[in-house]
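# Breakdown of the fold
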Amino acid sequence: MPDIKSIILEIRAGAGGNEAALFAADLANMYSRFAAKQGWGAVILDESRSELGGYKEVFLEISGVGVYDKLKQESGVHRVQRVPATEKSGRVHTSTASVAVLPIRTEVKTDIKPQDLEITFTRSGGAGGQNVNKVETAVRITHKPTGLTVKCTSERSQQRNREKALALLAAKLESGQASQAQSQLADERRQQIGTQDRSEKIRTYNFLQDRITDHRIKKSFHDIERIMEGNLDKIVKAFSNLP
């Protein structure tokens, strides 16, 4: 797919409550650091924090050469096994977070009709200075035919947030149209991110055993702390070497 220079990385906490949200934040940090090491740009389009500072959900736009080819295999349910910082008895918890990788094409093939969109503007919260809190810069777009809603709060201008929200909407719609029908959007995304159940996973991060296991290629990787710091090269290379 030579026209793909940007992706939307969608990460959602799954089973496991606050620990799942903290794991989702760890994954977002891992991908952001990997992006920096690759010389790619990474920006958070929208986020929803948990009470302990994790992510209930987060949307990252990552841009750069080879971004889709190197990260496309990350879609699916990621499972973590570790002792949470909040666990006083030392018991190992199993939690999950789901990842969806949505390509943004240079030439958008999805035909989005203006009359099909419901666009609202609100004040952005969080960091960014006084401007984002006083001006209605956050953009929320609902695609009425499918009921799909996207939001962007990362930019300081309403217009830039609108552009990014439309790009996110187009990426999501196109992922749903892979089977030639918008009505199958929910099914398409479920195939990527799964049901977020603990038993459904593509990869397991076992901190006690210092091991990451990818169940699709039946291969394990060690030095888990280093990988979580953004050193994904071993995993990316393992997939690129597949026949």
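To keep things clear, this report deals only with the structure shown in the data block. (Residues numbered from 1 in each chain as written. Predicted model: local features only at pLDDT ≥ 70, side-chain atom pairs only at ≥ 80, totals over all residues. Heavy atoms only, no water.)

### Points about the packing of aromatic side chains
- Evaluation of the coordinates by the stated rule reveals two aromatic pairs.
- Residues Phe-34 and Trp-40 carry aromatic rings whose centres are separated by 5.6 Å and whose planes lie at 85 degrees to one another, so their mutual orientation is edge-to-face.
- Of note, Arg-82 hangs over the ring of Phe-207, and the distance from its end group to the ring centre comes to 5.2 Å. (Phe/Tyr/Trp six-rings, centres within 6.5 Å; stacked < 30°, edge-to-face > 60°. Lys NZ or Arg CZ within 6 Å of the ring centre and 35° of its normal.)

### Some thoughts on the pairing of strand β1 (residues 4–13)
- Buried residues dominate β1, accounting for eight of its ten residues.
- In terms of strand pairing, β1 meets strand β3 (residues 55–63) through seven bridges, oriented antiparallel. Residue pairing for β3: Leu-9 is matched across the bridge by Leu-60. (Buried < 20%, exposed > 50% of the residue type's maximum accessible area, 1.4 Å probe, protein only. Helix = DSSP H or I, 4+ residues; strand = E, 2+ residues; numbered from the N terminus. Pairing = 2+ DSSP bridges.)

### Structural notes on the sheet that holds strand β6 (residues 117–122)
- Taken together, the three strands give an open sheet; going across it, the order is β6-β7-β8, and neighbouring strands pair in antiparallel fashion. Either end of the sheet is taken by a strand with one partner, and the two such strands are β6 and β8 (148–152). In this sheet, neighbouring strand axes are inclined to one another by 15 degrees on average, regardless of whether the strands run parallel or antiparallel.
- Two strands pair when backbone bridges link them, and β6 and strand β7 (residues 138–143) are joined in this way by six bridges, in the antiparallel orientation. From the neighbouring strand, Ile-119 faces β7, where its bridge partner is Ile-141. (Axes fitted to C-alpha atoms, helices over the stretch in contact; angles between N-to-C directions.)

### With respect to the nonpolar core
- Ile-7, Leu-9, Ile-11, Leu-27, Tyr-31, Ile-62 and Tyr-205 are the most contacted members of the largest nonpolar core, which totals 39 residues.
- Listing elements by their share of this core, those giving two or more residues are β1, α1 (17–38), β3, α2 (67–71), β5 (93–105), α6 (224–228) and α7 (233–240).
- With eleven residues, α1 is the single largest residue contributor to this core.
- Leu-9 has contacts with Tyr-31, Val-58, Phe-59, Leu-60, Ile-62, Val-99, Ala-100 and Val-101, leaving out every residue within four places of it along the chain. (Core = buried A, V, L, I, M, F, W, Y, C linked by side-chain atoms within 4.5 Å. Contact = heavy atoms within 4.5 Å.)

### Side note on the pattern of salt bridges
- Tallied over the full model, the rule gives twelve salt bridges.
- When the shortest N-O distance is used, the salt bridge between Arg-82 and Glu-19 registers 2.5 Å. Remark: Glu-19 occurs in helix α1 and Arg-82 occurs in strand β4 (residues 76–82); sequence separation between them is 63 residues.
- Here Glu-19 falls in the buried class, since its relative accessible area comes to 8%.
- With its nearest N and O atoms 2.9 Å apart, the salt bridge here joins Arg-160 to Glu-163. One end of the pair is Arg-160 and the other is Glu-163, both in helix α4 (residues 158–176) and three residues apart, which spans about a single turn.
- Judged by its relative accessible area of 35%, Glu-163 falls in the partly exposed class. (Salt bridge = Lys/Arg side-chain N within 4 Å of Asp/Glu carboxyl O.)

### Describing the side chain of Asp-46
- Its place among the elements puts Asp-46 in strand β2 (residues 41–49).
- Within polar-contact distance, the side chain of Asp-46 engages the side chain of Thr-153 at 3.5 Å.
- Discounting residues that sit within four places of it in the chain, Asp-46 has contacts with Val-58, Phe-59, Lys-151 and Thr-153. (Polar contact = N/O pair within 3.5 Å; in protein donor to acceptor, adjacent residues only side chain to side chain.)

### So, unusual backbone geometry
- Phi angles above zero are rare outside glycine, and Asp-210 is one such case at about 50 degrees.
- Note on placement: Asp-210 falls in the loop between β9 (203–206) and β10 (211–214).
- Of the residues examined, Asp-210 reaches a relative accessible area of 32% and is grouped as partly exposed.
- The phi angle at Lys-218 is positive, at roughly 50 degrees, despite the residue not being glycine.
- Structurally, Lys-218 is set in the loop between β10 and β11 (219–222).

### Some details on a nonpolar patch on the surface
- Nonpolar side chains collect at one region of the surface, where Val-83, Val-92 and Leu-208 lie side by side and expose about 240 Å² of accessible area between them.
- Assignment of secondary structure puts Val-92 in the loop between β4 and β5. (Patch = residues over 30% accessible without salt bridge, like charges linked within 9 Å, V, L, I, M, F, W, Y side chains within 5 Å. Areas by Shrake-Rupley, 256 points an atom, 1.4 Å probe, with all protein chains shown as cover.)

### Some points on the environment of Asn-206
- In this fold, Asn-206 is placed in strand β9.
- Linking Asn-206 and His-222, residues 16 residues apart in sequence, is a C-alpha distance of 9.7 Å.
- Beyond its immediate sequence surroundings of up to four residues, Asn-206 is in contact with Gln-81, Arg-211 and Ile-224.
- In this structure the side chain of Asn-206 is engaged in a polar contact, spanning 3.2 Å, whose partner is the backbone nitrogen of Leu-208.

So yeah, pure geometry; function would need other evidence.
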